[in-house]
Structure formats: C-alpha cells, structure tokens
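# Fold and contact review
Each chain is listed here by its residues.
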Amino acid sequence: MRITRIAAWQVDLPLHEGSYKWSGGKSVTVFDSTVVAVETDTGVVGYGEVCPLGPAYLPAYANGVRAGLKEIAPALIGQDPTQLGKLNRLMDAALKGHPYVKSAVDVACWDVLGKVSGLPVCTLLGGRYGEDFHLYRAISQEAPDAMAANVAGYRAEGYRRFQLKVGGDPDTDIERIKAVAAVLKPGDRLVADANTGWIQHEAIRISKAVRDLDVYIEQPCLTYDECRAVRRQITQPFVLDENIDGIDVLMRAHADGAMDVVNLKISKLGGLTKTKQLRDLCVSLGIGMTLEDSWGGDIVTAAISHLAHSTPTEFLFSSTDFNSYVTRSIADGAPQRVNGRLAASTEPGLGVRPKLREFGAPAVDVS
Ligand SMILES: [Mg+2]
C-alpha cells in the first residue's frame, strides 16, 4: 500500500460563544483549521485535522501547518501509510521539529490503518474502556460572575468538570475561582488554568488564597522551573500542560515530582503515534491525564475520542469535545456529546466522513 496524494484544505470554525479568551488578553473569534487527506493506491483515504489555538498559544500557527505540509508531503509520496513508526521517522527526517505540522498526517494514517484492518482507531490504540468517558468544559475568561453563570449553564448540559481560564489580574482570578467554586456540587472537578499567565509569586499567592477550595492548578507560569517552584510551595493537585511537549520533559517532570496530572495535546506532541507513547508511559507511572488537542472541529474531536476511550478510565482525568464549541460541522460521523460525555465511533478508522465539497480548492496538493 502506497501514499499517492496528500491534500489539505483550510476551513474556518466560528465559535458559538463568539470568542474564546484566555490568559494575557489573548483571544480567538474564528479558528483557522486544516483538514488533511492521505490518499492511497488502494482507494482508501485517511483524514486528519490540526487547529492551533491562534498563533500565540503554542509555537504553532495555522499558516505554518500548510507551509510545513508542503515541505514534508513530497517525502511521503510512495510510502506505506500503515507503517506508522517508519512514517513518523520519515516526517522527522524531512522537517526538524514542528510537531503540529505532522500531527494531521499521522492521524490520517491511523485512519487508513483502521480502515484497512476493519478496526476502530480506539482498538488499535489499546482497547475501549467503558461505554463513554467524561469531558471538561473550558470556561472563557470573563468577569467572575459571568464565569460562574457559564459554569452553571454548562453544568445543566451535563458537564461535571470545568477548566477556568484564569491567568489575568491576580485579585480578579482569586474572585473567579471562588465564584465558580460556589456553584459546583460534590463530585464536580474544578481546574484553574492560568495558561502561563501568572508570575511565580502571584501564582503562589493566588493558590494560597484559595487553599480551602477543591481546585487543581494548571500551568501557572511560563517556564518549567517557575512551575516547579510554585508546585513545591502550594498544596493543590498540580497540572502541567504547555511545558510538556515531549517525552524528555515528561520524564524530567516525573522525576522531579512536578505534576499530578499532565495535559497531552495530540498536535503539541506530533500526532497519535507520539501521544500514545506518552499516554502509555503515564499509565505506567501513575500520572492522570487530560487528553485533547489545541483546538479543532469534528475530525480533531474524533481523534481525541479514540485516544481518550482507549485510556484506562482511572487515568483519564478529562477530555474535550471541541466540535460542540464551534458552529460548523466539517464531517459526518463525528462523536457528539451526550450528558457531558463522549464515546469513540465503532466504525473502522476514525469513523468520520469530511464534507470535502464544502471546503473549496485545496491549499496543499502534492501527488
Ligand atoms: Mg491547559
């Protein structure tokens, strides 16, 4: 089996809430996503998607996806898409770094592997744990009362886990955490995600000000060393996200006792192949995980669902249904949230059928 064509389309994903705001005044109104198709000489086609959270969240940006795909695609034509380890080594040899560029190609090749083997990607990633799995809802940064109202609204839709976008003014962030904690019920989980927005002394001060609340602290500061210093001076469960971009830093953070939960994003790590490696290591090490991506639509949500559903339940802290945040559906067959929970498709591959006719001309087309 050989790859004959790699094509990519740019798609806009507007938000139901109009905008998404997080630390440092950063925001996005329309997400710029890229859908990738990997065609083969057997007629089987696999699909992937990658969608950075704007250009200022991780070292990734939407135009970079398309530019990077033009670099790596010629090296992949003629290769076997089902040999995923080999394929990843070829991508790494063709372009150093830029894991987000490779992510959608890797996911599309898992889709191909699932289709030719007749198995859902979930099964290929290790199995299916339970009927479904729980999701968190990201709560865009607003005034404390507005965030509490949003949490109450999403709680009524079935969510039981909430990730507050803090990392703004420290005193307002304390009020945000307190206001939201007041509307939660036993069994709910609350995460205050500063997205690198606090400096070290403020992160410690804020955490101590909410020490009596049941809240996790996620990625308070920009650097790993700052986060580790904060972690050593506070008592809350601690989540690392932006700093964990590969297996070396994950191993270091584990050795340092620097986290209780880690947030693994498929495109931050370069695809399902590499994320599976870290996911399986976290299971062996006893580290809880939020399994998701930077953002995306139906195809990203499908890939997340297969990764999350194939993770032992007790290690899956939470996951995300990004396709419910955006107004546009880009694929049929994508998983849909039911009462705050999601399940991976049981069809072979990812189980999605992208609406290619709605996408216009491809932005990348290599054959
Ligand atoms: Mg985070």
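Keep in mind that what you see is a predicted model, and the values were worked out from it rather than measured.

When its secondary structure is counted, the chain shows 12 helices and 18 strands. Its C-alpha radius of gyration of 20 Å places the chain within 12% of the 21 Å reference for a compact globule of 367 residues. Overall, the C-alpha framework of the chain stretches about 60 × 40 × 35 Å when taken along its three principal axes. Each of the 367 residues in the chain was classed as buried or not, and the buried ones make up 51%. In the chain, 72% of the contacts between residues at least 6 apart in sequence involve partners at least 24 apart.

Following the UniProt record, the feature "domain: Mandelate racemase/muconate lactonizing enzyme C-terminal" (unreviewed entry) maps to residues 144-237 here. Overall, residues 144-237 shows 46% helix and 14% strand. The separation of its end C-alpha atoms is 22 Å.

Let us look at the domain arrangement of the chain. Entries for the chain in the domain assignment read domain 1 (3-118 + 355-366) and domain 2 (123-353). If you average the C-alpha positions of domain 1 and of domain 2, the two centres end up 22 Å apart. The interface of domain 1 with domain 2 comprises 41 residues on the first partner and 37 residues on the second. Mapped onto the side of domain 1 that touches domain 2, the elements with two or more residues apiece are strand S1 (3-14), strand S2 (20-21), strand S4 (30-40), strand S5 (45-50), helix H2 (84-94) and helix H3 (99-117). Top element by residues in the side of domain 1 that touches domain 2 is H3. It accounts for 11 residues. In terms of residue class, the side of domain 1 that touches domain 2 is made up of 22 nonpolar, 11 polar and eight charged.

What follows concerns the pairing of strand S12 (residues 261-265). In terms of residue burial, S12 counts as a mostly covered element, since five of its five residues are buried. Burial of S12 is two-sided: the residues Val-261, Asn-263 and Lys-265 facing one way and the residues Val-262 and Leu-264 facing the other way are all buried. Crossover connection from strand S11 (residues 238-240) via helix H9 (residues 247-255) to parallel S12: handedness right-handed. The pairing of S12 with strand S13 (residues 288-292) spans five bridges and is classified as parallel. Along S13, the bridge assignment pairs Asn-263 with Thr-290.

Pairing of S1 with S4 involves 11 bridges; the strand directions are antiparallel. Looking at the pairing, Ala-7 lines up with Ala-37 of S4. The pairing of S1 with strand S18 (residues 364-366) spans three bridges and is classified as antiparallel. When the bridges of S18 are listed, Ile-6 appears paired with Val-366.

Okay, the sheet that holds strand S7 (residues 136-139) next. The eight strands lie next to each other as S7-S8-S9-S10-S11-S12-S13-S14, forming an open sheet whose pairing is parallel. What marks the edges here is a single partner per strand, and that holds for S7 and strand S14 (316-319). Neighbouring strand axes in the sheet, compared pairwise and without regard to direction, differ in orientation by 25 degrees on average. Its contacts with the sheet put helix H12 (residues 298-309) on S13 and S14, and the angle it makes with S13 is roughly 160 degrees.

What follows deals with H3. Given a rise of 1.5 Å per residue, 19 residues ought to cover 27 Å, and the 26 Å separating the end C-alpha atoms of H3 matches this to within 8%. For H3, the buried fraction is high: 17 of the 19 residues fall into the buried class. Directly beyond the C-terminal end of H3, a positive phi value near 75 degrees is found at Gly-118.

Once that is clear, we can look at unusual backbone geometry. The backbone of Asn-195 shows a phi angle near 45 degrees, a positive value even though the residue is not glycine. Mapped onto the secondary structure, Asn-195 falls in the loop between strand S9 (189-193) and helix H7 (200-209). Backbone geometry places Gln-219, a non-glycine residue, at a positive phi of 35 degrees. With respect to the secondary-structure elements, Gln-219 resides in the loop between strand S10 (216-218) and helix H8 (224-231).

Thresholds applied
- Residues numbered from 1 in each chain as written.
- Predicted model: local features only at pLDDT ≥ 70, side-chain atom pairs only at ≥ 80, totals over all residues.
- Helix = DSSP H or I, 4+ residues; strand = E, 2+ residues; numbered from the N terminus.
- Rg over C-alpha atoms; globule rule 2.2 N^0.38 Å.
- Buried ≥ 20, exposed ≤ 12 C-beta atoms within 10 Å, placed from the backbone.
- Contact = placed C-beta atoms within 7 Å.
- UniProt positions renumbered as here; feature names shortened; annotations may be inferred.
- Domains from an automatic or database assignment.
- Nonpolar A, V, L, I, M, F, W, Y, C, P; charged D, E, K, R; others polar.
- Right-handed = clockwise from strand over helix to strand, strands pointing away.
- Pairing = 2+ DSSP bridges.
- Axes fitted to C-alpha atoms, helices over the stretch in contact; angles between N-to-C directions.
- Expected span 1.5 Å × (residues − 1).

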